[in-house]
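Summary of the model geometry
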Amino acid sequence: MSIRNKNSIGEKIFDSVNVIIMCLLGIAFIYPVLNVLAISLSSSGPILRGEVSFYPVQLTFKGYENIFSNKYIWISYGNTIFVASVGCIIGLIMTCFAAYPLAFGDFYGKKVYSYMILFTMWFGGGLIPTYLVMQKLKLINSHWALILNFLAPAYYIVVLRSFFSTIHKSLIESAKLDGANDIVCMFKIVLPVSKPVLATISLWYIVGHWNSFLPPLMYLNDRMKYTLQIVLYDIVLQASGAIYELTDVVQTGEGSMLIPQQVQHAVIFVAMLPMLVIYPFIQKYFVKGVMIGSIKG
Amino acid sequence: MRRFKNINYRKVATKLWADRYIYLMILPVVVYYIIFKYWPMWWLRVAFYDFKILKGFKGSDFVGLKHFIAFFKSPDFFQIIWNTIYLNILSLIFAFPAPIIFALLLNELSNSKFKRAIQTVSYLPYFLSTVVVVSMIKTFLSPSIGTLNSIIKSLGYEPIHFIGDPEYFRPIMILSGIWQGIGWNSIIYLSAISGIDTELYESAVIDGAKRYQQILYITIPGISTTIIIMLILQIGNLLSVGFEKVYLLQNAQNIRVSEVLSTYVYKMGITRSNYSFATAVGLFNGVISLILVLLANKLSKKYSEISLI
């Protein structure tokens, strides 16, 4: 922080203007969330007249009653939790397996192995070839397509390796003299002292899976398999809630329909709620990841 | 070649055996990378065939560069490339400096609790999915229920249909991009600022430097390396625009300005099942991006000892 001369008027004006700008920005970050929550709890009349901003007008829980009684919303919630938790656990193990040899190993082929991983940071098969491979492996319309599509990305491996490299090799060497092998060393010595960075990486997986949209859009085609983001996309952005058997919709002919705004916004709010609740607690792990990532090399 | 003759095979075997657990660890990783990262690269051949999914490569005709030429000659080519690059240029001009300014202003806050509170809320958009963000954009800009149009109406003007008007597509992309990234992208600059020697400020004050002078002559030069590296990396991404937000904001009215390479590939490949053509477009994009990123890496290495691998 720059050093201030408290007595100067110019400095005081600078400080006040800065605080005002920051407050306005703070509101700008929160407002869209508040607005969605307010609309989800308001009655149609005030919503359509554009009267709802910070707080609900003519409070009603119709939107939430509507979606909580809908089985497809629950199914998609379950699917998302399944993909995020399984993806996180397998991803974390794979990332550890991938990074440990890079940090502590001195084996034939290490260079080839590390280039094999790093190269994928710059070049890949891309959308269509990956899709065709998934199709070849019969993974279309399977949650495993989502999990396998996002497992041990090179960047995560690089971040974990950077962290591992700060651990003293002598710890491992002495354990090896006592007869421990590398896998035991990893679980008994390396991982226990790496808890913060492991938390960072697991959260990357969870948030990544929770918010992922293109892969489920591409790979899933059955409403029983859909994840939350797809249901949200269909109901709010496509206004095509027919397959989810939403009650309370207004048919407008030709198969198109009007889903009440409370319902749409209740879905938006429910989809973002878990992230909203946990992010203040997990942000420090993400910040740590950014730091480790930026000094990698 | 002489060297190889002298290899002590016994020694090699001992070493391989000693590292058996390491090989056991990398085995699943190597298998995964081969199947899910390198096999798709091998499938890039699709771009050079008239690929028929049911017949495979053997039953499909090899057509060389036909699909690439078709793409270069197509009337959409320049428009799509321009849309992609132009969005990146706009974001370079408007969105790139935003987190730097935000970090500088945050750094000047004296109340650390207030500072931390602002930082925390500024990270909020980073944790929201693109679908949620676009839903919010559409709500905020809606002619009937949106807050912005309520304000416009209360000032006595006609509501504006922002989402349907191609004029507004790029401003919406850039402004929402700033909203999403300003807090998160400021982290790296704040950490660079915290690395500046405080003695510099102390001696500047003794010399009578005002606060804006301290920012201008100490803070900004102190983080210039970080700024330059981030700038170069951004330039390396000139030909990539994230798929999700563009796709979700796209509609029949704005398609002319909103079609970018990634959405075009999706539409051609997944929606229309024109696998070969879409793969050709994707490969073209991938190769150019690879060259740009490698150039960017080389450049940024010149500016710092930190390798960006």
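Residues numbered from 1 in each chain as written. Chains lettered and ligands numbered in written order. Predicted model: local features only at pLDDT ≥ 70, side-chain atom pairs only at ≥ 80, totals over all residues.

Considerations on the overall build of chain B
For the record, the criterion: In this description a helix means any DSSP run of H or I spanning at least four residues, a strand means any run of E spanning at least two, and both kinds are numbered starting from the N terminus. Here the radius of gyration uses the C-alpha set of atoms, whereas the globule reference equals 2.2 Å times the residue count to the power 0.38. Counting other C-beta atoms within 10 Å of each residue's C-beta, where C-beta atoms are placed from the backbone, gives the exposure class: buried for 20 or more, exposed for 12 or fewer, partly exposed between.
A count of helices and strands for chain B gives 17 helices and two strands. For 309 residues, the compact-globule estimate of 2.2 N^0.38 gives 19 Å, and chain B exceeds it by more than 25% at 26 Å. Across its three principal directions, the C-alpha atoms of chain B cover 70 × 60 × 35 Å. Here chain B, with 309 residues, has 38% of them falling under the buried criterion.

Here we look at the interface of chain B and chain A
Selection criterion: Two residues qualify as being in contact provided that their C-beta atoms, derived from the backbone, are within 7 Å of each other.
With 83 residues of chain B at the contact, the number on the chain A side is 79 residues. Sorting elements by how many residues they give to the side of chain B that touches chain A places helix α3 (residues 20-42) of chain B first, with 15 residues.

Brief notes about the domain arrangement of chain A
All names here are of chain A. Rules: Marked domain ranges trace back to an automatic or database domain assignment. Each residue gets one of three labels, nonpolar for Ala, Val, Leu, Ile, Met, Phe, Trp, Tyr, Cys and Pro, charged for Asp, Glu, Lys and Arg, and polar for the others, Gly among them.
The assigned domain composition of chain A is domain 1 (9-60) and domain 2 (65-294). Put simply, the middle of domain 1 and the middle of domain 2, counted by C-alpha atoms, are 32 Å apart. Residue-level contacts link nine residues of domain 1 with eight residues of domain 2. Among the elements of the structure, α1 (9-40) and α2 (44-48) are those that each provide at least two residues to the side of domain 1 that touches domain 2. Among the elements that line the side of domain 1 that touches domain 2, the one with the most residues is α1, at five residues. When grouped by side-chain class, the residues that make up the side of domain 1 that touches domain 2 number five nonpolar, four polar and no charged.

Observations regarding the packing of helix α7 (residues 112-123) of chain B against helix α10 (residues 169-194) of chain B
Residues and elements named next belong to chain B. Test applied: Angles shown run from 0 to 180 degrees and are taken between the N-to-C directions of axes, each axis being a line fitted to C-alpha atoms and, for helices, limited to the stretch in contact. Each angle receives one of four descriptions, namely roughly parallel if under 35 degrees, roughly antiparallel if over 145, roughly perpendicular if within 65 to 115, and oblique otherwise. With the far helix as reference, a near helix turned anticlockwise by less than a right angle produces a left-handed crossing, and one turned clockwise produces a right-handed crossing.
Running from N to C, α7 and α10 point in directions that differ by 125°, and their axes come no closer than 7 Å. Regarding the angle of α7 to α10, the classification is oblique. Seen from above, α7 lies across α10 with left-handed handedness. Contact residues: α7 offers Q119, S122 and Y123, while α10 offers I182, G183 and W184.

What to know about the domain arrangement of chain B
Residues and elements named next belong to chain B. You can read the domains of chain B as domain 1 (2-62) and domain 2 (66-303). The C-alpha centroid of domain 2 is placed 37 Å from the C-alpha centroid of domain 1. Opposite the seven residues of domain 1 that make contact, domain 2 presents six residues. Looking at the side of domain 1 that touches domain 2 residue by residue, the classes come out as six nonpolar, no polar and one charged.

Quick notes on the nonpolar core
To keep it simple, the criterion reads: As used here, a nonpolar core is made of buried Ala, Val, Leu, Ile, Met, Phe, Trp, Tyr and Cys residues. They are joined through C-beta atoms within 7 Å.
L160(A) and L232(A) are the most contacted members of the largest nonpolar core, which has 128 residues in total. It is helix α4 (residues 71-104) of chain A that provides the largest number of residues to this core, a total of twelve residues. L160(A) has contacts with T95(A), C96(A), A99(A), V197(A) and I201(A), leaving out every residue within four places of it along the chain. Residues M22(A), A98(B), A103(B) and Y189(B) belong to the second largest nonpolar core, which totals 22 residues.

Section: the UniProt feature "transmembrane region" (unreviewed entry) in chain A
Threshold: UniProt positions are given in the numbering used here, feature names are shortened, and annotations may be inferred rather than shown by experiment.
What UniProt calls "transmembrane region" (unreviewed entry) maps, in this numbering, to residues 12-34, 72-100, 112-132, 144-164, 185-207 and 263-282 of chain A. The span residues 144-164 of chain A is 81% helical and 0% strand by assignment, and the distance between its end C-alpha atoms comes to 29 Å.

So, unusual backbone geometry
All names here are of chain A. At N141, a position not held by glycine, the phi torsion is positive, near 65°. Located in the positive-phi region is A152, a residue other than glycine, with phi close to 55°. When you line up the elements, A152 lands in the loop between α7 (143-149) and α8 (154-164). Under the C-beta neighbour-count criterion, A152 is labelled buried, with 28 such atoms within 10 Å.

Thoughts on the UniProt feature "transmembrane region" (unreviewed entry) in chain B
All names here are of chain B. When the UniProt feature table is mapped onto this chain numbering, "transmembrane region" (unreviewed entry) sits at residues 21-39, 85-106, 126-152, 172-194, 215-235 and 275-296. Split by type, residues 21-39 is 100% helix and 0% strand. Its first and last C-alpha atoms lie 26 Å apart. The span residues 215-235 is 95% helical and 0% strand by assignment, and the distance between its end C-alpha atoms comes to 26 Å.

Regarding the environment of L146(A)
All names here are of chain A. Structurally, the position occupied by L146 is in helix α7. With 27 C-beta atoms packed within 10 Å, L146 lands in the buried category. When the C-alpha positions of L146 and G87 are compared, they lie 8.2 Å apart, and in sequence the two are 59 residues distant. If near-sequence neighbours (up to four positions away) are discounted, L146 is found in contact with V83, G87, S212, P215, P216 and Y219.

With respect to the confidence of the model for chain A
Note the cut-off: The pLDDT score gives, residue by residue, the confidence of the prediction method on a 0 to 100 scale.
Averaged over chain A, the pLDDT score is 86; the fraction of residues at 70 or greater is 92%. Here strand β1 (residues 250-251) of chain A is the element of chain A with the lowest mean pLDDT, 57, and α7(A) is the one with the highest, 94.

Brief notes about α3(B)
As a reminder of what qualifies: A residue's bend is the angle separating two fitted axes: one through the seven residues that end there, the other through the seven that start there.
The axis of α3(B) is deflected most strongly, by about 35°, at I34(B). Residues I22(B), M25(B), I26(B), V29(B), Y33(B), F36(B), K37(B) and P40(B) constitute the buried set of α3(B). On its buried side, α3(B) packs onto α4, α5 (110-119), α6 (127-136), α7 and α10 (182-190) of chain A.

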